[in-house]
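Tertiary structure, described
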Amino acid sequence: GHFRDVGGDSRDDALRPNLLVALASRHLPIDAEDAGRALDAVDLKDFADRPLSSLSGGQRQRAFIAMVLTQEPRLLFLDEPTSYLDIAHQLNILQLLTRLKTEDGLTVGAALHDIAQAAQFADHLVVLSAGRIVAQGAPEAVVTEAMLADVFGVKARVKRDSETGQIVILPIGPDHGRHLRSVPG
């Protein structure tokens, strides 16, 4: 069967569709089986009958990702997928995107302002300043004290965590556009 497109932001829950129906697209016929697979992929299958308005911010973000997954994309590009979420929900979304990349072979791109999260979850970073690419490559090559000072005007230490191997950024303060020299470790 076909589902209807849902739009707007009515405050009346009686008018809001449940999550399964919300996976609709007026451009593609989506059946309940496809919608169920998408909900399963984002760990929301148990919420299929709940109104979209009753979901938490993190659950809603995952629901929106499920809506896209019903269209079977090969590329998923997200603009600030972790905005307005607490740290637990941010990590949940980023781990979900990593799982979709590794298990489903989906190419995932995301615009993030949290440099530490980008360094933790991305294979390749592109840093923009004034609309221009100023650095790109592997996180360990891109996230440097000099880049943080030059692009963001922030003096910081950049280290690798001895236990996890992940990049850790310790902000020290504003750099006011000066290049940061070596910070004693």
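Residues numbered from 1 in each chain as written. Predicted model: local features only at pLDDT ≥ 70, side-chain atom pairs only at ≥ 80, totals over all residues. Heavy atoms only, no water.

Examining the overall build of the protein chain
What the protein chain contains, in helices and strands, is 7 helices and 6 strands. Put simply, the protein chain runs from its N terminus to its C terminus through helices and strands in the order α-α-α-β-α-β-α-β-β-α-α-β-β. When burial is assessed residue by residue, the protein chain has 36% of its 185 residues classed as buried. (Helix = DSSP H or I, 4+ residues; strand = E, 2+ residues; numbered from the N terminus. Buried < 20%, exposed > 50% of the residue type's maximum accessible area, 1.4 Å probe, protein only.)

A closer look at the confidence of the model for the protein chain
In regions of low pLDDT, the predicted coordinates are not meant to be interpreted in detail. Averaged over every residue, the pLDDT of the protein chain is 81; the share at 70 or more is 79%. In this model, residues 1-17 is a region of pLDDT below 50 whose contacts with residues beyond four sequence positions or in other chains number 28 contacts. Per-residue pLDDT stays below 50 along residues 179-185; that stretch engages in 14 contacts with residues further than four places along the chain or on separate chains. (pLDDT = per-residue confidence, 0-100. Contact = heavy atoms within 4.5 Å.)

Concerning helix H3 (residues 57-69)
With 13 residues, H3 extends 18 Å from end C-alpha to end C-alpha; this agrees with the ideal 18 Å at 1.5 Å per step. Residues of H3 that are buried: Gly58, Gln59, Gln61, Arg62, Ala63, Ile65, Ala66, Met67 and Leu69. (Expected span 1.5 Å × (residues − 1).)

Brief notes about a nonpolar patch on the surface
Taken together, the side chains of Val126, Leu128 and Ile133 present a nonpolar region at the surface, about 290 Å² in accessible area. Residue placement: Leu128 occurs in strand E3 (residues 125-129). (Patch = residues over 30% accessible without salt bridge, like charges linked within 9 Å, V, L, I, M, F, W, Y side chains within 5 Å. Areas by Shrake-Rupley, 256 points an atom, 1.4 Å probe, with all protein chains shown as cover. Salt bridge = Lys/Arg side-chain N within 4 Å of Asp/Glu carboxyl O.)

Some thoughts on the packing of H3 against helix H4 (residues 87-104)
In contact at an axis separation of 9 Å, H3 and H4 are set at 20° when each is read in the N-to-C sense. When the interaxial angle is binned, H3 and H4 end up roughly parallel. Viewed along their axes, H3 and H4 form a crossing whose handedness is right-handed. Where H3 abuts H4, its residues Gly58, Gln61, Arg62, Ile65 and Leu69 lie against His89, Asn92, Ile93, Leu96, Leu97 and Leu100. Partitioned by chemical class, the residues of the contact of H3 with H4 number 6 nonpolar, 4 polar and 1 charged. (Axes fitted to C-alpha atoms, helices over the stretch in contact; angles between N-to-C directions. Parallel < 35°, antiparallel > 145°, perpendicular 65-115°, else oblique. Left-handed = near helix turned anticlockwise from the far one by under 90°. Nonpolar A, V, L, I, M, F, W, Y, C, P; charged D, E, K, R; others polar.)

Some remarks on the pairing of E3
Looking along a regular strand, one sees the side chains alternate between the two faces of the sheet. Across 5 bridges, the pairing between E3 and strand E4 (residues 132-137) is antiparallel. When the bridges of E4 are listed, Val127 appears paired with Ala135. The turn linking E3 back onto E4 is made up of 2 residues, and Ala130 within it adopts a positive phi angle of 55°. (Pairing = 2+ DSSP bridges.)

A closer look at helix H7 (residues 145-152)
All buried positions along H7 are accounted for by Glu145, Met147, Leu148 and Ala149. Gly153 occupies a position one or two residues after H7 and carries a positive phi of about 65°.

Quick notes on the pattern of salt bridges
Applying the stated criterion across every chain, the model contains 6 salt bridges. Measuring nitrogen to oxygen at the nearest pair gives 3.3 Å for the salt bridge that ties Asp43 to Arg99. You can see Asp43 sitting in the loop between helix H2 (32-41) and H3 and its partner Arg99 sitting in helix H4, a full 56 residues away along the chain. For Arg99, a relative accessible area of 25% corresponds to the partly exposed category.

What about the nonpolar core?
Val42, Leu44, Ile65, Leu69, Leu76, Leu97 and Leu100 are the most contacted members of the largest nonpolar core, which has 24 residues in total. Counting residues per element, the ones that place at least two in this core are H2, H3, strand E1 (75-79) and H4. When residues no more than four places from it in sequence are discounted, the contact partners of Val42 are Arg62, Ile65, Ala66, Leu69, Leu96 and Arg99. Ranked by size, the runner-up nonpolar core spans 13 residues in total, among them Leu148, Ala156, Ile167 and Ile169. (Core = buried A, V, L, I, M, F, W, Y, C linked by side-chain atoms within 4.5 Å.)

A look at the side chain of Gln117
Tracing the sequence through the fold places Gln117 in helix H5 (residues 115-121). Not counting residues up to four positions away in its chain, the partners in contact with Gln117 are Thr82, Ile87, Gln90 and Leu94.

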